[in-house]
Amino acid sequence: MIRIKPYRTSDVDTILSWCQDEKSFYQWTAGILGNYPITQKEFSFVESLMPFTAFDETGIVGFFTLRNPDESLDELRFGFVIVNPHRRGTVSYTHLRAH
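Every residue gets a number counted from 1 within its own chain, in the order that chain's sequence is written. Since the coordinates come from a predicted model, pLDDT governs what is reported: local features require at least 70, and pairs of side-chain atoms require 80 or more to be given and counted, while whole-chain, interface and lining totals use all residues. Think of the side-chain values as coming from all heavy atoms in the structure, minus any hydrogens and water.

**Considering the overall build of the protein chain**
Point 1. Secondary structure elements are defined from DSSP: runs of H or I of at least 4 residues count as helices, runs of E of at least 2 residues count as strands, and each element is numbered from the N terminus. Within the protein chain, the secondary structure is distributed over three helices and five strands.
Point 2. Each helix and strand of the protein chain, ordered N terminal to C terminal, gives the series β-α-α-α-β-β-β-β.
Point 3. Our radius of gyration is a C-alpha quantity, and the globule rule it is checked against amounts to 2.2 Å times the number of residues to the power 0.38. Over its C-alpha trace the protein chain gives a radius of gyration of 13 Å, about what one expects of a compact globule, namely 13 Å for 99 residues.
Point 4. Dimensions of the protein chain along its principal axes, counting C-alpha atoms only, are 35 × 35 × 20 Å.

**Overview of unusual backbone geometry**
Point 1. A cis amide bond links Y36 to the next residue, P37, at an omega of -10 degrees.
Point 2. Within the secondary structure layout, P37 lies in the loop between helix 2 (22–29) and helix 3 (40–43).
Point 3. Phi at F80 takes a positive value of approximately 45 degrees, unusual for a residue other than glycine.
Point 4. Examined against the element boundaries, F80 turns out to sit in strand 4 (residues 77–83).

Here it is as structure tokens:
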């Protein structure tokens, strides 16, 4: 079962390891987070959003942020969505639930 939890800075190395090259990095970030390879300090920008990790019994399997474009919680947008490339296509999100 996939669950979500608030992002922790201790997760940063795992998440950043999923971008193995410049092309995948820019597909994920559109260059907004900085240049490849990104540093932990540059990635800390996501803490100003609402960052979450998706996990199962094996560990972290994904990451995403939510942001409110109008400073209101009436509308939230997903961003910086990334899935562990070794788990892509193997994770079932039909049982996703908040932790």
